[in-house]
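Geometric and topological summary
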Amino acid sequence: MSNATTRKHTALPKARILIEALPWLTRHRGKTVVIKFGGNAMVDEELKAAFAQDVVFLHHAGLKPVVVHGGGPQISAALGRHGIVSEFKAGLRVTTEDAMDVVRMVLAGQVQRELVGLLNRHGPLAVGLTGEDAHTITATKHQPEIDGEPVDIGRVGEITAIDTGAIEALLADGRIPVVSSIARSQDDGHVYNVNADTAAAALAAALGAETLMVLTDVEGLYEDWPHSDEVISRLTASQLEKLLPELSSGMVPKMEGCLHAVRNGVHTARVIDGRVQHSILLEIFTDEGIGTMVVPDESDQGES
């Protein structure tokens with residue numbers, strides 16, 4: 001086979017892949033996409049680098065990505081180093097005053113800095129902020145109930161307001177906002193630790209985002225776990241609501257976030273496997289997509 005023929009054979013599949021992306025590029029151009037960064041993608045070096053490439057690709061393809069992150073594993077490690085025991089109640093981290101100082105330090109000073117650094121290898125793009133900045137996220141004390149009784153879990157917040165001004169200004173300036181899930185207090189001088197899935201969903205709704213994407217360590221929502229590993233590729237808000245009571249505790253805030261987003265103007269919310277390199281690009285720019293997509297009920301706003 002001649003060199004020219006070889007080149008043609010290797011180039012053609014690449015061209016086809018690019019062309020397949022064309023309708024999706026057209027559809028998503030100028031749209032805001034909120035991406036919750038977490039799970040394995042957050043600790044594995046190769047996955048972290050691939051994630052940063054994906055987000056920068058979205059930016060250059062004319063989309064407006066906004067990244068929201070928590071930092072569970074990093075927080076647990078830092079609390080251990082400070083001699084503070086990690087305790088969970090109702091699936092949420094009990095956050096004492098001492099623990100809150102560490103949480104804030106890890107999220108804003110370590111996890112966010114690293115992510116901003118990875119994105120900025122590709123240009124002067126990412127700007128980090130926390131929910132405290134410019135009143136981006138405001139919260140009040142969250143008291144979950146266990147067996148009908150309210151439980152005190154310390155400085156864990158329930159979001160009461162979102163101000164998108166700073167994020168919108170950054171997007172208008174061609175930047176990529178990276179938001180740590182810490183909130184200012186509505187009623188005292190403190191700050192709150194808020195669940196990053198919940199924060200991402202609230203921001204997606206407030207920004208009128210086209211899509212909310214939540215990276216997880218599973219392939220998506222399973223049809224009949226543990227009996228089957230068939231992933232539900234698409235479901236409506238009502239169908240999801242019926243499934244919520246049966247979900248594992250880790251999936252609940254993610255799926256509740258997806259439900260909140262599509263019930264509040266976001267066109268699609270997707271849970272995707274963050275263990276797969278470039279899963280974001282596969283989800284947004286290919287016909288197959290991966291993971292589970294939640295869409296509004298037809299009565300909410302018509303099919304997306």
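Each remark here, short or long, concerns the structure printed above.
Structure report, in brief. For clarity, every value in this text was computed on a predicted model and none was experimentally measured. (Residues numbered from 1 in each chain as written. Predicted model: local features only at pLDDT ≥ 70, side-chain atom pairs only at ≥ 80, totals over all residues. Heavy atoms only, no water.)

**Some details on helix H8 (residues 251–263)**
The end-to-end C-alpha distance of H8, which contains 13 residues, comes to 18 Å, matching closely the 18 Å that a straight helix rising 1.5 Å per residue would cover. Along H8, the positions that sit buried rather than exposed are Met 251, Lys 254, Met 255, Gly 257, Cys 258, Leu 259, Ala 261 and Val 262. Of the residues trailing H8, Gly 265 is marked for its positive phi of about 100°. (Helix = DSSP H or I, 4+ residues; strand = E, 2+ residues; numbered from the N terminus. Expected span 1.5 Å × (residues − 1). Buried < 20%, exposed > 50% of the residue type's maximum accessible area, 1.4 Å probe, protein only.)

**A few points about helix H2 (residues 45–60)**
Helical geometry: 3.6 residues make up each α-helical turn, so side chains three or four residues apart lie on a common side. With 16 residues, H2 should cover 22 Å at 1.5 Å per step; its first-to-last C-alpha distance of 23 Å lies within 8% of that length. Taken residue by residue, H2 has Leu 47, Lys 48, Ala 50, Phe 51, Ala 52, Asp 54, Val 55, Val 56, Leu 58 and His 59 as its buried positions. Buried-residue contacts for H2 involve strand E1 (32–37), strand E2 (64–69), helix H4 (97–119), strand E10 (176–180), strand E13 (211–216) and helix H9 (279–285). (Contact = heavy atoms within 4.5 Å.)

**Some points on the packing of helix H6 (residues 196–207) against H8**
In contact at an axis separation of 8 Å, H6 and H8 are set at 10° when each is read in the N-to-C sense. The pairing of H6 with H8 is recorded here as roughly parallel in orientation. Residue-level inspection shows Asp 197, Ala 201, Ala 202 and Ala 205 of H6 in contact with H8, the latter providing Pro 253, Lys 254, Gly 257, His 260 and Ala 261. Split by residue class, the contact of H6 with H8 holds 5 nonpolar, 2 polar and 2 charged. (Axes fitted to C-alpha atoms, helices over the stretch in contact; angles between N-to-C directions. Parallel < 35°, antiparallel > 145°, perpendicular 65-115°, else oblique. Nonpolar A, V, L, I, M, F, W, Y, C, P; charged D, E, K, R; others polar.)

**Observations regarding the sheet that holds strand E9 (residues 157–162)**
The 4 strands lie next to each other as E9-E6-E11-E12, forming an open sheet whose pairing is mixed. Here the strands that pair on one side only, and so sit at the sheet edges, are E9 and strand E12 (191–193). Neighbour-to-neighbour, the strand axes of this sheet turn through a mean angle of 45°, independent of strand direction. As paired elements, strand E6 (residues 137–141) and E9 share 5 bridges and run antiparallel to each other. (Pairing = 2+ DSSP bridges.)

**Notes on the side chain of Ser 185**
Checked against the element boundaries, Ser 185 lands in strand E11 (residues 182–185). Here Ser 185 falls in the buried class, since its relative accessible area comes to 4%. Separated by 3.1 Å, the side chain of Ser 185 and the backbone nitrogen of Asp 187 make a polar contact. Ignoring any residue separated from it by four or fewer positions in sequence, one finds Ser 185 in contact with Thr 138, Ala 139, His 190 and Tyr 192. (Polar contact = N/O pair within 3.5 Å; in protein donor to acceptor, adjacent residues only side chain to side chain.)

**Observations concerning the sheet that holds E1**
If you walk across this open sheet you meet the 8 strands as E5-E10-E2-E1-E13-E15-E16-E14, and the pairing is mixed. Each end of this open sheet is capped by a strand with a single partner; those strands are strand E5 (126–130) and strand E14 (234–236). Strand-to-strand twist in this sheet, taken as the mean axis angle between neighbours without regard to direction, amounts to 20°. Pairing between E5 and E10: 5 bridges, direction parallel. For Leu 129, the partnering residue across the bridge sits in E10 and is Val 179. Of the strands in this sheet, E1, E2, E10 and E13 touch H6, which is tilted by about 175° from E1.

**With respect to the packing of aromatic side chains**
By the definition in use, this model includes 2 aromatic pairs. With centroids separated by 5.7 Å and ring planes inclined at 65°, the aromatic side chains of Phe 57 and Phe 285 adopt a geometry described as edge-to-face. Taken together, the positions of Phe 57 in helix H2 and Phe 285 in helix H9 put the pair 228 residues apart, joining distant regions of the chain. Accessibility expressed as a relative area gives 41% for Phe 57, which makes it partly exposed. We note Arg 155 situated over the ring of Tyr 192; from NZ or CZ to the ring centre the distance is 4.4 Å. (Phe/Tyr/Trp six-rings, centres within 6.5 Å; stacked < 30°, edge-to-face > 60°. Lys NZ or Arg CZ within 6 Å of the ring centre and 35° of its normal.)

**With respect to the pairing of strand E15 (residues 268–273)**
Burial analysis of E15 places 6 of its 6 residues in the buried class, the great majority of the element. Covered by surrounding structure in E15 are Thr 268, Arg 270 and Ile 272 together with Ala 269, Val 271 and Asp 273, the residues of both alternating faces. Pairing between E13 and E15: 6 bridges, direction parallel. Bridged to Thr 216 within E15 is Asp 273. Bridge count between E15 and strand E16 (residues 292–295): 3 bridges; the pairing is antiparallel. Each residue of the ladder has a partner; that of Arg 270, found in E16, is Met 293.

**Looking at the pattern of salt bridges**
On inspection of all chains with the given rule, the structure shows 14 salt bridges. The residue Arg 155 makes a salt bridge to Asp 188 at a minimum N-O spacing of 3.6 Å. One end of the pair, Arg 155, is in the loop between strand E8 (149–150) and E9; the other, Asp 188, is in the loop between E11 and E12, with 33 residues separating them in the sequence. In this structure, the salt-bridge partner of Asp 173 is Arg 175, at a minimum N-O distance of 3.1 Å. Note on Asp 173: relative accessible area 48%, which makes it partly exposed. Three or more residues joined by partner-sharing salt bridges are found here, namely Lys 36, Asp 197 and Lys 254. (Salt bridge = Lys/Arg side-chain N within 4 Å of Asp/Glu carboxyl O.)

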